[in-house]
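Coordinate analysis (summary)
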Amino acid sequence: MITPEVRQLAPRYDVVVSGAGPAGMAAAVGARERGAERILLIDREREAGGILWQCIHHGFGLHHFGEELTGPEYAERCLRQVTDGGIDVLTDTYVYDISPDRTLTLMSGSHGMRQVRAGAVVLAMGARERTRGAIRIPGERPAGVLTAGLAQKFVNMMGLLPGRRVVILGSGDIGLIMARRLTLEGVEVLGVFEIMPYANGLNRNIVQCLHDFDIPLSLSTTVVDIRGRERVEGVTVAPVDQALRPDMSRAHDIACDTVLLSIGLIPENELSRRIDLRLDPVTSGPVVNSTMETSIGGVFACGNVVHIHDLVDFVSQESLLAGRAAGDYVTGRRPPADNIRLLPGDNVAYCVPHTLSTDREHVVYMRVRKPMEKCTIRFGDVFSVKVRYVFPAEMVNITMKPKFLENFHGDSLRVDVVQR
Amino acid sequence: MLYDVAIVGGGVIGCAIARALSRFRLRVVLLEKECEVGFGTSKSNSGIIHAGHHAAGGTLKGELEWAGNRMWDALHEELDFGFARNGELMLAMAGDQLPVLEHYRRQGIERGVTGLEIWDRERIHREEPAISADVVAALHAATAGVVNPYEVCFSLIESARRNGVALLVDSPVRGIARDGDGTFALQTPGGAVPARFVVNAAGLYSDEVARMVGAGGFSIHPRKGEEYLLDKRLKGLVRNVIFPCPTPQSKGILVIPTYDGTLMVGPTATFVDDKNDRTTSAKGAEEVFAAVRRLVPGISERDCIAEFAGLRAVADGEDFIIGPTAVRGFVNCAGIQSPGLTSAPAIAERIVAILKDEGLAMEPNPEYEPRLRKRVRFAALPMEEQARLAEEDSRFGRIGCRCEQVSEREILDAIHAGARTLDGIKFRTRAGMGRCQGGFCTWRSMQMLSAELGIPMTAITKRGGASWIVCDREEGDAA
Ligand SMILES: Cc1cc2nc3c(=O)[nH]c(=O)nc-3n(C[C@H](O)[C@H](O)[C@H](O)COP(=O)(O)OP(=O)(O)OC[C@H]3O[C@@H](n4cnc5c(N)ncnc54)[C@H](O)[C@@H]3O)c2cc1C
């Protein structure tokens, strides 16, 4: 694999990108496209590429590279662009601190503690998985309760199995992928249990990872008890009512040795908090404008650190934009400031970016709160699109052309998803 | 080898006794049934060094709580496990609770507790703005503090071992025989361990251990306490340990700024039948969050990152049972429920005195070294110091646990200091204790354990026994 090593760290860079997953790699490439000269791409792992290395399944790249790739193939493509662009990659290094004047303190296995100044910063630290504590599953605390992503690391990177009889709680995409992966490894996957009345992963994963392998998916059902003193011995699952309260009279026990959790991702915003970026309480990520700039000028953010994506392709596209904007920032090109705020309305959880400018074309990413069929997505009364269905699990992206906004004179635009 | 003293149980009590005895020229062994010390009640509690005014007068608890409290500064000075006297506030939420505050104030003063003060609302809100507007008054106790209780156990045993105490883990005592000359033989799966004196510090099982030699006559009832750890986002929300007015059954449900600064809320208090019942429950969570929200409204379930339950070893009559028994040479140290952690150093001294009375000759150990080398807590150091260390050893520059900023060097040191399990690393270094709960660092800690201990990944456990983490692809290879 390609890991270009930075031998000498400069005290100053045009653009420093924190996190070398798909988001950070695309951002670095974007900054280079716009003429940023000294670019430093940092990652705490020993290899750039982020979570992609452990995603050995297919399904990446259709939108961004126009062909279907595995995670590692996707990572290699991105990395090649990074090396071709002459971007400095510094791995085994942790961005320890950051100050509003864009001085970054780095803790590096190879360089020790160092400080670098950046003309612009791009935050691309990705996300972490929600854990058992976050949803307080009652019961004992044996070994064998772990997140789907950690299980994926064990299986795909270390050749080890997380257990032999597995129950999966939550129908997030990583859990679905792992249901298939473990089945292929000869592990018994007893079922996927989802507390909501609809699945939380992409439909294609439900079909290809569960249906094709006869793995049952139980909706409106949750794990109400975990048993086992040392290692998991079993769980109790129960259906829930509309208020998500379990109906214990219909609970039943399942013997298993492992519980995988696929209950959502949370943007990793440790650094964003250090500099007091404005955060959106719904996404748990920074509030960004149409150039992916945060509430502090010269600090950009992209990828899962801003909001959770379901496809890496969209991460790359959003991040390319952020990187280009960072490049513009350091080369002194400033696009006109945004003049429209997007307000999430009926059945809209959030929109990213949070603001738009009437002079350019934008892609607006959004998520709905609940599934809906035959509906219309309305941007105030200036623009609307009809869609067959929406799901909270599938991010909606809409291209806003300047012409839609030509005759709009307000300063905020409400976004609603309504039944036709 | 014939030991002078065998201690059964390596909780904070057994470890404190072991260390106190290591001052003398004695052959001492500590037998612990789990794979590391402190894995019983002593790691699952609130970690509060109680101020000294809580337990009623005329009880051992009252006497030893205050005596223990005063010993923590010196202990910390020697062992550096992390201890801060951050104070406690007992809140009166209605006028009729004012006499309760006064009762505790007086109880403390009679015992000699210093720094007790009634605060009015204005003072409370000046010092602790997050406390509910409904508060009427509070009793402030400056002598209260917090520790990380597991770190106390680890450093006590490390110090004891450096001074010659033998530690046998994975060694449950299953029976105790006594031969003609009065020597005890403690039966463990690894063989019999002979000793002239035995101290029973077996926590929840101290009734069963006492019965092995016919020194029983009491029983231990487990009283469960559930606790909930909150995200470090709330760090600093309160500085003092926040108590409601206590009831006769319990000190109530508290808001605890842990030694590391993050908040913990709990514990509940319910008797259970099973000494292994460490389950948490939906009901417990509800009770805890409802109770603490009345005291500090800014706390919510949404910030919960982990939970656990601990079992208090409650003896009949609720007081500690400490003393010699009808069986000469066999000393009980049982029923050590709360404030057992607080009292531990004082209990250990009491046991030393009892053993002397029982006829154990005690000569000072000329090589006794009370101090442990200061442990590096990388995340807490000033940046210049961190930079210097990272320069010196690149393993300080590699962050193993990103949530708690624990360096790989600290994880390595923990393994060299005796950690054999993931929990052993976690409770020594905090790696895996943060908001991702080990999602990112578990595999790295496992790799390091595997390399340092020379064991395969499949032999690594969370906390010993059958708590394996991963298995091989072939059937039947699970550790
Ligand atoms: C929820 C909760 C909160 C608390 N909060 C506080 C607080 O804030 N402040 C305070 O002062 N106190 C507190 N306490 C009380 C405190 O935790 C205990 O008093 C203290 O930990 C007791 O220590 P121990 O060594 O007696 O017990 P343990 O830690 O249980 O140690 C006993 C040990 O003996 C071992 N053992 C048992 N049987 C055998 C055998 N046959 N052979 C070998 N080994 C054996 C066990 O494995 C165990 O390690 C709290 C307790 C709980 C449950």
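The rules behind the values
- Every residue gets a number counted from 1 within its own chain, in the order that chain's sequence is written.
- Chains and ligands are labelled sequentially in the order written, the chains with letters from A and the ligands with numbers from 1.
- Given that this is a predicted model, residues contribute local features only at a pLDDT of at least 70 and side-chain atom pairs are listed and counted only at 80 or more, while totals for whole chains, interfaces and linings are drawn from all residues.
- Where side-chain values are given, they derive from all heavy atoms of the structure, hydrogens and water being excluded.
- For two strands to be treated as a pair, DSSP must find at least two bridges joining them.
- The helix count covers DSSP runs of H or I at least four residues long, the strand count covers runs of E at least two residues long, and both are numbered beginning at the N terminus.
- Definition of nearness: a residue and a molecule or strand are near each other if at least one heavy atom of the residue lies within 4 Å of the molecule or strand.
- Pairs of N or O atoms within 3.5 Å make up the polar contacts considered here, provided that, within protein, one atom can donate a hydrogen while the other can accept it, and that residues adjacent in sequence are counted only when both atoms are side-chain atoms.
- Calculation of accessible area relied on Shrake-Rupley with a 1.4 Å probe; when residues are assessed, cover is drawn exclusively from the protein chains displayed.
- Just so you know, the domain bounds were taken from an automatic or database domain assignment.
- What makes two residues a contact is simply this: any of their non-hydrogen atoms within 4.5 Å.
- Accessible surface is computed with a 1.4 Å probe, and the buried area is the amount of it that two parts give up when combined, taken over both parts together.
- Here, a salt bridge means any side-chain nitrogen of Lys or Arg that lies within 4 Å of a carboxyl oxygen of Asp or Glu.
- Fitted lines through C-alpha atoms serve as axes, helices being fitted only where they are in contact, and the angles separating the N-to-C directions of these axes extend from 0 to 180 degrees.
- With respect to orientation, any angle under 35 degrees is reported as roughly parallel, any angle over 145 as roughly antiparallel, any angle of 65 to 115 as roughly perpendicular, and every other angle as oblique.
- Each crossing gets its hand from how the near helix is turned against the far one by less than a right angle, where anticlockwise is left-handed and clockwise is right-handed.
- Under the grouping applied here, Gly and all other residues not named as nonpolar or charged are polar, the nonpolar ones being Ala, Val, Leu, Ile, Met, Phe, Trp, Tyr, Cys and Pro and the charged ones Asp, Glu, Lys and Arg.
- What a helix is expected to span follows from its residue count: subtract one and scale by 1.5 Å.
- When accessible area is computed with a 1.4 Å probe and restricted to protein chains, residues below 20% of their type maximum are described as buried, those above 50% as exposed, and intermediate ones as partly exposed.
- Here the nonpolar core consists of buried residues drawn from Ala, Val, Leu, Ile, Met, Phe, Trp, Tyr and Cys, with membership extended through side-chain atoms lying within 4.5 Å.
- Whether two aromatic rings pair depends on their centres lying within 6.5 Å, for rings of Phe, Tyr and Trp, where Trp uses its six-membered ring; planes under 30 degrees apart make the pair stacked, over 60 edge-to-face, and the rest tilted.
- Any Lys NZ or Arg CZ found within 6 Å of a ring centre and within 35 degrees of that ring's normal is scored as a charge over the ring.

Our focus in this paragraph is the sheet that holds strand β25 (residues 383–390) of chain A. Residues and elements named next belong to chain A. One open sheet holds the five strands; their spatial order is β22-β20-β27-β24-β25, and the pairing between them is mixed. Each edge of the open sheet is held by one strand with a lone partner, namely β22 (355–356) and β25. As judged from the four bridges shared by strand β20 (residues 340–344) and strand β27 (residues 412–419), these two strands associate in the parallel manner. By the bridge assignment for β27, Arg 341 is matched with Ser 412.

What follows concerns the site of the ligand. Residue and element names in this part refer to chain B. Around the ligand there are 40 residues in total, and Glu 32, Ser 42, Ile 48, Ile 336 and Thr 342 lie nearest to it. Val 173 is positioned with one of its backbone polar atoms (N or O) 2.8 Å from a nitrogen atom of the ligand. In this structure, an oxygen atom belonging to the ligand sits 3.4 Å away from a main-chain N or O atom of Gly 340. Computed on the free molecule, the ligand has an accessible area of 1,000 Å², of which 97% lies beneath the protein chains in the complex. Looking at the shell around the ligand, the elements with two or more residues in it are α1 (12–21), β13 (220–230), β18 (304–315) and α9 (340–357). For the shell around the ligand, the two domains that each supply at least three residues are domain 1 (3–42 + 149–219 + 317–357) and domain 2 (88–142 + 221–314).

Before going further, it helps to examine the domain arrangement of chain B. Residue and element names in this part refer to chain B. Taken domain by domain, chain B holds domain 1 (3–42 + 149–219 + 317–357), domain 2 (88–142 + 221–314) and domain 3 (378–459). Relative to domain 3, the C-alpha centre of domain 2 lies at a distance of 32 Å. Taken together, the contact between domain 2 and domain 3 spans seven residues of the former and seven residues of the latter. Across the interface of domain 2 and domain 3, roughly 550 Å² is buried in total on both sides, 42% from carbon and sulfur atoms. For the pair domain 2 and domain 3, the interface holds two salt bridges. For Asp 260, the salt bridge identified is with Arg 430, shortest N-O distance 2.5 Å. Counting across the domain 2 and domain 3 interface gives three residue pairs in polar contact (both at pLDDT 80 or more).

All names here are of chain B. At their nearest, the axes of helix α2 (residues 60–69) and α9 sit 7 Å apart, and the two run at 100° to each other. By the angle between their directions, the pair α2 and α9 is classed as roughly perpendicular. Here Leu 60, Glu 63, Leu 64, Glu 65, Ala 67, Gly 68 and Asn 69 of α2 lie close against α9, whose contacting residues are Thr 342, Ser 343, Pro 345, Ala 346, Ile 347 and Arg 350.

Take the packing of α1 of chain B against α9 of chain B next. Residues and elements named next belong to chain B. Remark: α1 packs on α9, axes separated minimally by 8 Å, with the N-to-C direction vectors making an angle of 45°. In terms of axis orientation, α1 runs oblique to α9. For α1 against α9, the interelement crossing comes out right-handed. Across the interface between the two elements, Val 12, Ile 13, Ala 16, Ile 17, Ala 20 and Leu 21 of α1 pack against Gly 340, Leu 341, Ala 344, Ile 347, Ala 348, Glu 349, Ile 351, Val 352 and Leu 355 of α9. Per-class residue counts for the contact of α1 with α9 are 13 nonpolar, one polar and one charged.

Our focus in this paragraph is helix α6 (residues 149–162) of chain B. The periodicity of an α-helix, 3.6 residues per turn, causes residues three or four places apart in sequence to face the same way. Residue and element names in this part refer to chain B. Its 14 residues place the ends of α6 20 Å apart at the C-alpha level, agreeing with the 20 Å of an ideal helix rising 1.5 Å per residue. Within α6, burial applies to Pro 149, Tyr 150, Glu 151, Val 152, Cys 153, Phe 154, Ser 155, Leu 156, Ile 157, Ser 159 and Ala 160. Following α6 by one or two positions, Gly 164 adopts a phi angle in the positive range, close to 105°.

With that out of the way, let us pick up the interface of chain B and chain A. Across the boundary between the two partners, chain B contributes 62 residues, which contact 48 residues of chain A. Taking both sides of the interface into account, the surface hidden between chain B and chain A amounts to around 4,500 Å²; carbon and sulfur atoms contribute 51%. Across the pair Arg 402 of chain B and Glu 268 of chain A runs a salt bridge whose closest N-O atoms are separated by 3.6 Å. The interface formed by chain B and chain A includes 21 residue pairs in polar contact (both at pLDDT 80 or more). Breaking the side of chain B that touches chain A down by element, the ones donating at least two residues are α8 (282–295), β18, α10 (383–392), α11 (394–397) and α14 (442–453) of chain B.

This part takes up the pattern of salt bridges. Residue and element names in this part refer to chain B. All chains considered together, the criterion is met by 65 salt bridges over all chains. Arg 23 is paired through a salt bridge with Glu 349; the nearest N and O atoms lie 3.0 Å apart. Here Arg 23, found in the loop between α1 and β2 (28–31), pairs with Glu 349, found in helix α9; they are 326 residues apart in sequence, far enough to count as distant. Exposure remark for Arg 23: the relative accessible area of 27% places this residue in the partly exposed category. Lys 275 serves as the salt-bridge partner of Glu 208, at 3.1 Å between the closest nitrogen and oxygen.

Along the chain, the position of Val 113 of chain B falls in the loop between α4 (98–111) and β6 (116–120). With 43 residues separating them along the chain, Val 113 of chain B and Leu 156 of chain B place their C-alpha atoms 26 Å apart.

Below, the discussion takes up the side chain of Asn 163 of chain B. Residue and element names in this part refer to chain B. Turning to its location among the elements, Asn 163 is positioned in the loop between α6 and β9 (166–168). On the basis of relative accessible area, Asn 163 is assigned to the buried category, the value being 10%. Not counting residues within four places of it along the chain, the set of residues in contact with Asn 163 comprises Ser 22, Asn 365, Glu 367, Tyr 368 and Glu 369.

All names here are of chain A. Taken domain by domain, chain A comprises domain 1 (12–128 + 266–331), domain 2 (131–263) and domain 3 (340–419). Taking the mean C-alpha position of each, domain 1 and domain 2 sit 31 Å from one another. If you look at the interface, domain 1 gives eight residues, while domain 2 gives eleven residues. Summing both sides of the interface, domain 1 and domain 2 together bury roughly 810 Å²; the carbon and sulfur share of this comes to 54%. Ranking the residues of domain 1 by area buried against domain 2 places Gln 54, Ile 56 and His 57 at the top, with a combined share of 60%. In this assembly, domain 1 and domain 2 are joined by four residue pairs in polar contact (both at pLDDT 80 or more). Here the residues of the side of domain 1 that touches domain 2 are counted per class, giving four nonpolar, three polar and one charged.

Turning next to the nonpolar core. Grouped together as the largest cluster of nonpolar side chains are 73 residues, with contacts concentrated most on Val 15, Leu 41 and Leu 104 of chain A. At eight residues, the largest contribution of residues to this core is made by helix α8 (residues 312–330) of chain A. Split by domain, this core shows at least three residues from each of two domains, domain 1 (12–128 + 266–331) and domain 3 (340–419) of chain A. Ala 18, Ile 49, Ile 351 and Ile 354 of chain B belong to the second-largest nonpolar core, a separate cluster that totals 56 residues.

Residue and element names in this part refer to chain A. Taken as a whole and assessed by the stated rule, the structure comprises 14 aromatic pairs over all chains. Summarising the aromatic geometry, the rings of Phe 300 and Tyr 329 are spaced 6.0 Å apart at their centres and angled 80° between planes, so their arrangement reads as edge-to-face. Here the residue Phe 300 occupies a position in strand β19 (residues 299–301), and Tyr 329 occupies one in helix α8, the gap between them amounting to 29 residues. Residue Phe 300 is classed as buried on the basis of its relative accessible area of 2%. The rings of Phe 60, Phe 65 and Tyr 74 are connected pair by pair, giving a single aromatic cluster. Positioned above the aromatic ring of Phe 65, the side-chain terminus of Arg 77 is 5.6 Å from the ring centre. In this structure, Arg 334 is placed above the aromatic ring of Tyr 329, and the distance from its NZ or CZ to the ring centre is 3.9 Å.

On to unusual backbone geometry, then. Residues and elements named next belong to chain A. Backbone torsion omega between Val 352 and Pro 353 reads 0°, so that peptide bond is classified as cis. Relative to the helices and strands, Pro 353 is located in the loop between β21 (350–352) and β22. Residues other than glycine seldom take positive phi values, yet Arg 136 does so here, at roughly 45°. Note that Arg 136 resides in the loop between α3 (132–135) and β10 (145–147).

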